[in-house]
Amino acid sequence: MLCLSCGAPLPAGPGKQGGRRPRFCSGACRQRAYRRRVRTTRPGAGCTGRRTELATLRRLLTRHRLVTITGPGGIGKTRLAAELTAPVLDVSTVDPAVPPDAGVVVLDGCDHRPGATAALIRRLLGERPELRLVATSRGPLGVEGEQVLPLRGLSPADAARLLVDRIHRLDPFFAVRPADVTDLCRVLEGVPAALELAAPRVRLLGPAGAAEGLTTALDLTPGNRSVRADLERDHRRLAPAERAAWHRLAVLPGPFDAELAAVLGAGPGVLDRLVTTSLLVPEPAADGTTGLRLWAAGRAFAREQLDAEGGADAAFEALAAHLVAQVEPHLPAFLLPDGLCRRLVARADHVLAAIGWLTARDDARLAVLACGLARAWLALGRHLAESERLVRAALPHVAGQPDLTASLLAALCKAAHRAGRYGEQLRIGADALALESTLDRPARVASLHDLLAAGHRAAGSPAHADGHYRAALSLARELDDPAVLSLLLNDLAWAALESGDVTEAREVLGEGLPLARAHATPGRLASVLHTAGTVALAAGDHATAEARFVEALLVTTPTDGLKVPYFAEGLAIVLTTRGDHERALGLFACADAVRLGLGAVAEPAWRRRVRSAAATATAALDHRRARAATRAGARVSLAAAVAHALDASEHFHATGHDGLTPQEHTVAALVTDGLTNQQIARRLGIAPRTVATHLERIRAKLGVRPRSALAAWFTRTAADG
């Protein structure tokens, strides 16, 4: 005989003291079997990952007589309803007989005959006041008093557990862990039916082989079965205009908003219809808006239909023309507007899809989008290597077009500077400046002079840098743009500081900092504040330096991976002068780790200043404590390290900040940046429940409830400085 838990051989003969033969090889196997038995008999065990939804369903039934569980095919509507241990009646073909003594009844498949089912529900609710109904349907039934419970895909952890369970039902000895199938679960979006279909594939090909070449659940279901059959049925039920809109939306590879949907011909009425049929999933964003997403299988099916109709080119043309119209007017500007940068980064998947389509047609408009997205990524400190690859791939398509070539070269020059390749930056910048000088775009000429000055300064040629700074300043004053002028004055002050002229740096910032406070965006103001803090450090005014670095950290968001390390290091230098060496070393290590992850490097002069302070802090500690502080700092997120550093700042606590603690301020900043509670928890290394607690305290202190109101408060506070 074999152990019922692990399958190991059992000793022959009777059990101890002549009792019955053993069924398990050890006490551990007996306990495992017991836990497995308990898990499969408790409520909610039959539908993995739906315990919260089941509890919600039970609660809703105490308040409403009709609850409709909605979602796409295969999402687990019937399985969840069946957990109520109530009669499940199939209404997809005929009106069934309802048991006369039933208190709760499940009506399954209501979307097959929505009109007839709605009439049946009205009759049952009218005739039997004590009866409560649970309906399963693609969308709401429109019956008065109906409460809708929409289902989403399982969480990654629950999806992995479900898939592993289904694999083990096929083969209990198959070696697979939830961590092995995470990528596959992500592709299948946590849809239970798709996960069950994937179990035989994993058993046959292994986790890695099963995920290879798999893009959606449609790849699991050839022919007219399962997921494809459900989608075909949904397709037949849509009106022609709704089908056409669904097909066109399939060119959008990620979440989108109503504006992009309208560009592709999907107005509010059509979107509402697609949402009610569960083909579109609404996803509330932190700023109060609502995003929309097509299920991956539904998008793949709709794209097949679009290609069969020959409508893909028209849809991509509409998308590309819309995006180009947003970017092109701003390419001659010194800097892209901050709002446009964030919009482009949020829509990066769509921009890249349009670039891919334009590239296949050798359409020079791809350069507009490539330049816009690369500049946005560089401005916000994201995807530096991808920015460079994007620009280099676009350059061969714009031969003979000096305006687009100059724009791409300028973006490439910026990427080289961020990566610390200053010689390459100066060569590319010189070529770009030569082209821009033949065009009527003074703001771009000023921007290139500023870039070349930064390159010469970093390469150790201050005389050349000064000439470019003066040329850029002269053009900026002619443009009468105070925001641009403040940034150029900031760069000139930094150059003066590097040459050892602290007095000139202070004088230049005396003009630049007030302009930045009045006209610059929070992120750009933070850069000027960092320079002001560094000037104060050089002058020995540590209190002013701390105030400037803290303010820079407070006006920008912790996710700006390029700028925040500079501000954190500035505060760490101040902490070193105060003797808080361990916290300073942690901040230095964290900033290094963030830059390493981005592929960026600090400017040489700043790097020397930081290394000197880090050496001082290291020398003040014994080897064990210094190494422990450095290792700990390299492991934590930048947002968490900044919150820890702010907690040590006397200036932060002296100024109050509406009573928020540093950790609460960091949570508010991340909410403003659009992160969910789960994402904030991962970023800070804390539990989602702790994030929720911080948010409740923030709301109580500030008197705001929605996340959008909290984001508005943070943005306003940052703008007010």
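Each value, and the rule that gives it
- Residues numbered from 1 in each chain as written.
- Predicted model: local features only at pLDDT ≥ 70, side-chain atom pairs only at ≥ 80, totals over all residues.
- Heavy atoms only, no water.
- Helix = DSSP H or I, 4+ residues; strand = E, 2+ residues; numbered from the N terminus.
- Buried < 20%, exposed > 50% of the residue type's maximum accessible area, 1.4 Å probe, protein only.
- Contact = heavy atoms within 4.5 Å.
- Expected span 1.5 Å × (residues − 1).
- Salt bridge = Lys/Arg side-chain N within 4 Å of Asp/Glu carboxyl O.
- Pairing = 2+ DSSP bridges.
- Axes fitted to C-alpha atoms, helices over the stretch in contact; angles between N-to-C directions.
- pLDDT = per-residue confidence, 0-100.
- Phe/Tyr/Trp six-rings, centres within 6.5 Å; stacked < 30°, edge-to-face > 60°.
- Lys NZ or Arg CZ within 6 Å of the ring centre and 35° of its normal.

**Quick look at the overall build of the protein**
Inference 1: In terms of helices and strands, the protein carries 35 helices and seven strands.
Inference 2: Counting all 721 residues of the protein, 50% fall into the buried class.
Inference 3: Nonlocal contacts in the protein, meaning residues at least 24 apart in sequence, comprise 65% of its contacts between residues at least 6 apart.

**What about helix 15 (residues 348–360)?**
Inference 1: If you check helix 15, its first and last C-alpha atoms are 18 Å apart, about what 13 residues at 1.5 Å a residue would give, namely 18 Å.
Inference 2: Within the sequence span of helix 15, burial applies to A348, H350, V351, A353, A354, I355, W357 and L358.
Inference 3: One or two steps after helix 15, the chain reaches D362, where phi turns positive at roughly 50 degrees.

**Structural notes on the pattern of salt bridges**
A pair can form between side chains of opposite charge whenever their charged atoms are brought close.
Inference 1: This structure, assessed with the given rule, holds 41 salt bridges.
Inference 2: With a shortest N-O distance of 2.5 Å, R517 and E551 are connected by a salt bridge. On the criterion of sequence distance, the pair formed by R517 in helix 23 (residues 502–519) and E551 in helix 25 (residues 542–555) is long-range, its members being 34 residues apart.
Inference 3: Its relative accessible area of 11% is what places E551 among the buried residues.
Inference 4: Bridged by salt links that share partners, the residues D111, R138, D230, R233, D234 and R237 form one connected network.

**Some words on the sheet that holds strand 2 (residues 88–90)**
Inference 1: Read across the open sheet, the five strands follow the order 2-3-4-1-5; overall the sheet is parallel. The open sheet is flanked by strand 2 and strand 5 (146–150), the only strands paired with a single partner. Ignoring which end each strand starts from, the neighbouring axes of this sheet average 25 degrees apart.
Inference 2: In this structure, strand 1 (residues 66–70) lies alongside strand 5, joined through five bridges in parallel fashion.

**Quick word on unusual backbone geometry**
Inference 1: A positive phi angle, close to 60 degrees, is found at E189, a residue other than glycine.
Inference 2: Inspection of the secondary structure puts E189 in the loop between helix 6 (182–187) and helix 7 (192–211).
Inference 3: Phi angles above zero are rare outside glycine, and D480 is one such case at about 55 degrees.
Inference 4: Take D480: it is sitting in the loop between helix 21 (462–479) and helix 22 (482–498).

**Notes on the confidence of the model for the protein**
The predicted coordinates of low-pLDDT regions are not to be read in fine detail.
Inference 1: Model confidence for the protein is summarised by a mean pLDDT of 84, while 87% of its residues fall at 70 or above.
Inference 2: Per-element averaging of pLDDT across the protein places helix 1 (residues 27–41) at the bottom with 55 and helix 13 (residues 312–327) at the top with 95.
Inference 3: In the model, residues 36–45 has pLDDT below 50 throughout and makes 11 contacts with residues more than four positions away in sequence or in other chains.

**Remarks on the packing of aromatic side chains**
Inference 1: Per the counting criterion, the structure on display carries four aromatic pairs.
Inference 2: With 6.1 Å between their ring centres and 45 degrees between their planes, Y566 and W606 make a pair best called tilted. One end of the pair, Y566, is in helix 26 (residues 564–577); the other, W606, is in helix 28 (residues 604–620), with 40 residues separating them in the sequence.
Inference 3: The structure contains a cluster of three or more aromatic residues connected by ring pairs, namely W494, Y566 and W606.
Inference 4: The side chain of R595 reaches across the aromatic face of Y566, ending 4.6 Å from its centre.

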